[in-house]
Amino acid sequence: GGVAPTTVAAKETENFLQGQEFSLKTIENGLNHLSKELELPDGVPGGMAKYRTTLVMSFLYKFYLKTVSDLQLLCNSSSGLPIPPSVDPVEMSGAKTYMTEKHSEFKSTQVFNEYHHEGGMHKTNVSGKGTDHVASEETKRAPVGESIVHRSALAQCTGEARYVDDI
């Protein structure tokens, strides 16, 4: 899902921001312009008008945070460049993205106990390291109750999958 069926440029907000000092106050004023320029009516197809307007505004704020973060790396007292605005470290976490941050690898499993010996799910035995759950041979009744991992399941569950909307 997106905000609108077509790409929309926020020309009024763009014109307002051009030539302004790069500061939080400028971004806040830009957010006000943006919320008025791209305000969606309550009955918009797909619903969630306020959420979608807020989403657009969050992109501008995330741009501000990311730019401040990048400028802090480039600008120091010896660079001769102006010092970027200071931002609370808690707020700066908004400049991070899941795709660029390093995160630990994790896996999980789900175990189902047998409900009925004649039917339902089979018993599972935890093998070796406790990560694989395999049906015991005497209760195995494939494919009922046997897990089959989807090809992209691990990427989807860990958030590493990339979708068209993410690009």
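Tallying secondary structure elements over the protein gives five helices and two strands in all. The order of helices and strands in the protein, counted from the N terminus, is α-α-α-α-β-β-α. Here the protein, with 167 residues, has 20% of them falling under the buried criterion. For the protein, long-range pairs separated by at least 24 residues make up 41% of all intrachain contacts whose partners lie at least 6 apart in sequence. In the structure as shown, the protein presents an accessible area of about 13000 Å², 57% of it carried by carbon and sulfur atoms.

This paragraph deals with the nonpolar core. Core analysis: the biggest nonpolar cluster contains 13 residues, and L34, Y64, L65 and V87 have the highest contact counts within it. Elements represented by at least two residues in this core include exactly helix 2 (24–37) and helix 3 (49–74). Residues within four places of L65 in sequence aside, it is in contact with V87, E91, M92, G94 and A95.

In this section: the packing of aromatic side chains. Describing an aromatic ring pair means giving the distance of the ring centres and the angle of the ring planes. Inspection of every chain in the model, using the stated rule, returns two aromatic pairs. Grouped by ring-pair contacts, the aromatic residues F22, Y61 and Y64 constitute a single cluster.

Mapped onto the elements, T54 comes out in helix 3. Sequence separation of T54 and L31 is 23 residues, and the distance between their C-alpha atoms is 9.6 Å.

How each quantity is defined
Residues numbered from 1 in each chain as written. Predicted model: local features only at pLDDT ≥ 70, side-chain atom pairs only at ≥ 80, totals over all residues. Heavy atoms only, no water. Helix = DSSP H or I, 4+ residues; strand = E, 2+ residues; numbered from the N terminus. Buried < 20%, exposed > 50% of the residue type's maximum accessible area, 1.4 Å probe, protein only. Contact = heavy atoms within 4.5 Å. Areas by Shrake-Rupley, 256 points an atom, 1.4 Å probe, with all protein chains shown as cover. Core = buried A, V, L, I, M, F, W, Y, C linked by side-chain atoms within 4.5 Å. Phe/Tyr/Trp six-rings, centres within 6.5 Å; stacked < 30°, edge-to-face > 60°.

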